Amino acid sequence: MWESQGDSAAGLISSTKLGVQTQGFHQRGSSWYVSADIPSDLLIQVAETNFHLHKYPLLSRSAKLNRILYDSRDPDLSKIVMDDLPGGPEAFELASKFCYGIPVDLTAGNISGLRCTAEYLEMTEDLEEGNLIFKTEAFLSYVVLSSWRDSILVLKSCEKLSPWAENLQIVRRCSESIAWKACANPKGIRWSYTGRAAKGSSPKWIEMKDSSPSRNQNQVVPPDWWFEDVSILRIDHFVRVMTAIKVKGMRFELIGAGIMHYASKWLPGLMMNEAAMPADESSNFSNSNSSSSSGGGLHMIVAASKEENTSTTSLQAKDQRMIVESLISIIPQQKDSVTCSFLLRLLRMANMLKVAPALVNELEKRVGMQFEQATLGDLLIPCYEKSETVYDVDLVQRVLEHFLVQEQTESVSPNRESFSEKQMNAKARVARLVDSYLTEVSRDRNLSLTKFQVLAEALPDSARTSDDGLYRAVDSYLKAHPTLSEHERKRLCRVMDCQKLSIDACMHAAQNERLPLRVVVQVLFSEQVKISNALANTALKEGVGVESHQYQPPVLTNRKTLLEGTPQSFQEGWTAAKKDINTLKFELDTVKTKYLELQNDMENLQKQFDKLMLKQKHTSPWTSSWKKLSKLTKITDNHHHHIAPQIPTPEEPHTRKTTRRWRNSIS
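Overview of the structure. Predicted model only: the values in this text are computed from it and were never measured. (Residues numbered from 1 in each chain as written. Predicted model: local features only at pLDDT ≥ 70, side-chain atom pairs only at ≥ 80, totals over all residues. Heavy atoms only, no water.)

1. Side note on the overall build of the protein
Consideration 1: The helix and strand inventory of the protein stands at 27 helices and 7 strands.
Consideration 2: Classification of the 667 residues of the protein by burial places 42% in the buried group.
Consideration 3: A fraction of 71% describes how many contacts in the protein between residues 6 or more apart in sequence connect residues 24 or more apart.
Consideration 4: Just so you have it, the protein exposes about 38,200 Å², and 55% of that area is on carbon and sulfur atoms. (Helix = DSSP H or I, 4+ residues; strand = E, 2+ residues; numbered from the N terminus. Buried < 20%, exposed > 50% of the residue type's maximum accessible area, 1.4 Å probe, protein only. Contact = heavy atoms within 4.5 Å. Areas by Shrake-Rupley, 256 points an atom, 1.4 Å probe, with all protein chains shown as cover.)

Written out as structure tokens, the structure is:
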């Protein structure tokens, strides 16, 4: 089994010889004293802690202390300063107790520091059999490396012991032990792993052990059981573990999933859509060793001075740059080992953190390998360099070029027949994605026409079955750039093929005042050809049932081939239909002309009516006299009307005629 019965493997060790009778150690403030009958004759300072000890127990087991006293040429030397001792005061306390014969409790938490301290003090077998180096090495090899949990803990504790832990092969041995256990078959092994940590807290080994699935022997172990445990490691140790796992032959999908899990934990900005990350949400990479209760989690930066925040942010940016560069270097080379969305988000952070150009180029190639899986949201990467554009259009252009190179490489491979249909589908998806991207970035007034045109024409013509998306992008660019000249608008419209526009797009383009007149004519002609093809297909379907079931001419692409490829009877029907269409167009123009004339007449009548109303407001004696005269005239007219009703007056026909024509005009 890989786990001991307790929370962590432990053992007691002690020295066989006792040079000084002692009752133990006790601490006063920042100093340690030995409870013995003989007063101490040696002061050793480690960091800010003082140890009041005796020379004989230490010199009999440490070759380094012997050499220091010998090189000093002072037999009365009573103080030694060891500021560079690995493991610090805690490890030296345990080593001192071992020299006095006091039993020392070895655990996964202190074994790495004690092993490095023993090496620093040169406590070898030449001075005493069963010295501290031998016993700590035995505990590491036979106890720690046989336990998954202890291997993780020891590797985590090695973060503050560089380069001693590296030189003593502790990091390598723990990494290989973890890799072997992660790749082993879970059947028949008693598993004990931490599972997933609670949100908002750092993983704690003891607290999560009780809820571990190891209590149930028959429970199925998920393939990602080791992700959470390995993700608490520092990035350099994580790289060592993942490299060892890759060598052991684990599936690349699981390796990629483990990398994405680690990135989501240590790079909080990776899962955010904002271009800049808040300083208080960044990972505390460099200070993860300063807190013993951390366990590798993320910390929050509380209120500090402006200078402290600036220095902390720059330090975190440096640490995050190291994480991004390391993750890029260990991503498996196989396609689909990680998602395209993850690669694009990693690429966004790489540009923001100014990662090495070689790694950025490698990441762009990886995105190009699976560019058809990208989404528009992940593709909208801001331009972090000094540029006038909002989005990094050049980056998308480079990724698209890598995609086309990859497609061309696969097309010349020996088994290219199996990839042909898949490649066409991939190119179609990329074409739709590029059209959507162009529509989005075209709203940027600083986007040059050349960049737009180069990106739009990068894909081959066969990639797009319809140019509706490209038309939307062109129209959006024309809206955002109303000052384009006629030549520039013609140059812009060359990127789309009018024959690939749908009927709805043609109808919109025919009424689009932003398009050049030449393009509108092309759209109208294309629409007419499509209508002709549709009519020809309909006529052919009807004619097949009457004349022949075998005759099916191809779809015609223009007017000339339409007339040449159609039978004489169909040509006559088409000629008659064309005459009817021209007649309807002429009648429509006539109606429009009459409507304009009536509108002018109506305006003239309205003006005359307004003048009459003004005259009535300003009445005069002459107008009143004329009113009386008009009344008298009406009376006389009525009298004549009663006398001779059958004789019409000359004005009557004219009045009736005018009224009738007015009524017809209104109707």
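Here the narrative resumes.
2. Notes on the pairing of strand β4 (residues 42-46)
Consideration 1: Along β4, 4 of the 5 residues are buried, which leaves the element largely enclosed by surrounding structure.
Consideration 2: Pairing between β4 and strand β5 (residues 49-53): 5 bridges, direction antiparallel. By the bridge assignment, Ile44 is partnered in β5 with Phe51.
Consideration 3: The hairpin formed by β4 and β5 contains 2 residues between the paired strands, and Ala47 there has a positive phi angle of roughly 60°. (Pairing = 2+ DSSP bridges.)

3. Details of unusual backbone geometry
Consideration 1: Across the junction of Ser162 and Pro163, the peptide omega takes the value 0°, indicating a cis bond.
Consideration 2: Here Pro163 shows up in the loop between α6 (148-157) and α7 (164-167).
Consideration 3: You will see that Asp336, though not glycine, has its phi angle at about 70°, which is positive.
Consideration 4: Mapped onto the fold, Asp336 is located in the loop between α13 (306-330) and α14 (340-352).
Consideration 5: With a relative accessible area of 40%, Asp336 lands in the partly exposed category.
Consideration 6: For Lys354, which is not glycine, the phi torsion reads 60° and is therefore positive.
Consideration 7: When you line up the elements, Lys354 lands in the loop between α14 and α15 (357-369).

4. Points about the pattern of salt bridges
Consideration 1: Scanning the entire structure with this criterion turns up 19 salt bridges.
Consideration 2: Measuring nitrogen to oxygen at the nearest pair gives 2.4 Å for the salt bridge that ties Arg173 to Glu137. You can see Arg173 sitting in helix α8 (residues 170-183) and its partner Glu137 sitting in helix α5 (residues 132-144), a full 36 residues away along the chain.
Consideration 3: The shortest N-O distance in the salt bridge between Lys335 and Glu372 comes to 3.4 Å. Of this pair, Lys335 sits in the loop between α13 and α14 while Glu372 is found in the loop between α15 and α16 (376-379), placing the two residues 37 residues apart along the sequence.
Consideration 4: Relative accessible area serves as the criterion here: at 13%, Glu372 is assigned to the buried category. (Salt bridge = Lys/Arg side-chain N within 4 Å of Asp/Glu carboxyl O.)

5. Topic: the nonpolar core
Consideration 1: Counting 142 residues, the largest nonpolar core has Ile44, Trp226, Leu327 and Phe371 as the members making the most contacts within it.
Consideration 2: Considering each element in turn, this core owes the most residues, 9 residues, to α14.
Consideration 3: Each of domain 1 (23-146) and domain 2 (420-537) accounts for three or more of the residues forming this core.
Consideration 4: Not counting residues up to four positions away in its chain, the partners in contact with Phe371 are Cys340, Leu379, Val399, Leu400, Phe403, Val430 and Leu433. (Core = buried A, V, L, I, M, F, W, Y, C linked by side-chain atoms within 4.5 Å. Domains from an automatic or database assignment.)

6. A short note on helix α4 (residues 111-121)
Consideration 1: By the criterion of burial, α4 is predominantly enclosed, with 10 of the 11 residues buried.
Consideration 2: Every buried residue of α4 is accounted for by Ile111, Ser112, Gly113, Leu114, Arg115, Cys116, Thr117, Ala118, Tyr120 and Leu121.
Consideration 3: The positive-phi residue at the C-terminal boundary of α4 is Glu122, with phi of around 60°.

7. Structural notes on the sheet that holds strand β6 (residues 79-81)
Note on sheets: strands pair through backbone hydrogen bonds, and any given pair is parallel or antiparallel.
Consideration 1: Sheet architecture is open: 5 strands sit in the order β2-β3-β5-β4-β6, paired in mixed fashion. Only two strands of the sheet have a single neighbouring strand rather than two, namely β2 (22-28) and β6. When strand polarity is set aside, the average angle formed by the axes of neighbouring strands in this sheet is 20°.
Consideration 2: Of the strand pairs in this sheet, β2 and strand β3 (residues 31-36) are connected by 5 bridges, and their pairing is antiparallel. (Axes fitted to C-alpha atoms, helices over the stretch in contact; angles between N-to-C directions.)

8. Quick notes on the packing of helix α3 (residues 88-99) against α4
Consideration 1: Two numbers describe how α3 lies on α4: the axes approach to 9 Å, and their chain directions differ by 70°. Taken together, α3 and α4 sit at an angle that is classed as roughly perpendicular. Two packed elements cross with a definite hand, and for α3 against α4 that hand is right-handed. Within the contact between the two elements, α3 uses Ala91, Phe92, Leu94 and Ala95 and α4 uses Gly113, Leu114, Thr117 and Leu121. (Parallel < 35°, antiparallel > 145°, perpendicular 65-115°, else oblique. Left-handed = near helix turned anticlockwise from the far one by under 90°.)

9. A look at the packing of helix α20 (residues 468-480) against helix α22 (residues 503-510)
Consideration 1: Look at α20 against α22: their axes get within 10 Å of each other, and the N-to-C directions meet at 25°. With respect to α22, the axis of α20 lies roughly parallel. Relative to α22, the crossing made by α20 is left-handed. Residue-level contacts link Asp468, Tyr471 and Asp475 of α20 to Ala505, His508 and Ala509 of α22.

10. Looking at the packing of aromatic side chains
Consideration 1: Evaluation of the coordinates by the stated rule reveals 9 aromatic pairs.
Consideration 2: Between the aromatic rings of Phe238 and Tyr262, the centroid separation amounts to 4.0 Å while the plane-to-plane angle is 15°, which identifies the pairing as stacked. Pair noted here: Phe238 is in helix α11 (residues 235-248) and Tyr262 is in helix α12 (residues 252-266), with a separation of 24 residues, a long-range link. Both residues of the pair, Phe238 and Tyr262, count as buried.
Consideration 3: Over the face of the ring belonging to Tyr33 we find Arg28, whose NZ or CZ atom lies 4.7 Å from the ring centre. (Phe/Tyr/Trp six-rings, centres within 6.5 Å; stacked < 30°, edge-to-face > 60°. Lys NZ or Arg CZ within 6 Å of the ring centre and 35° of its normal.)

Any link to function would need more than the numbers given here.
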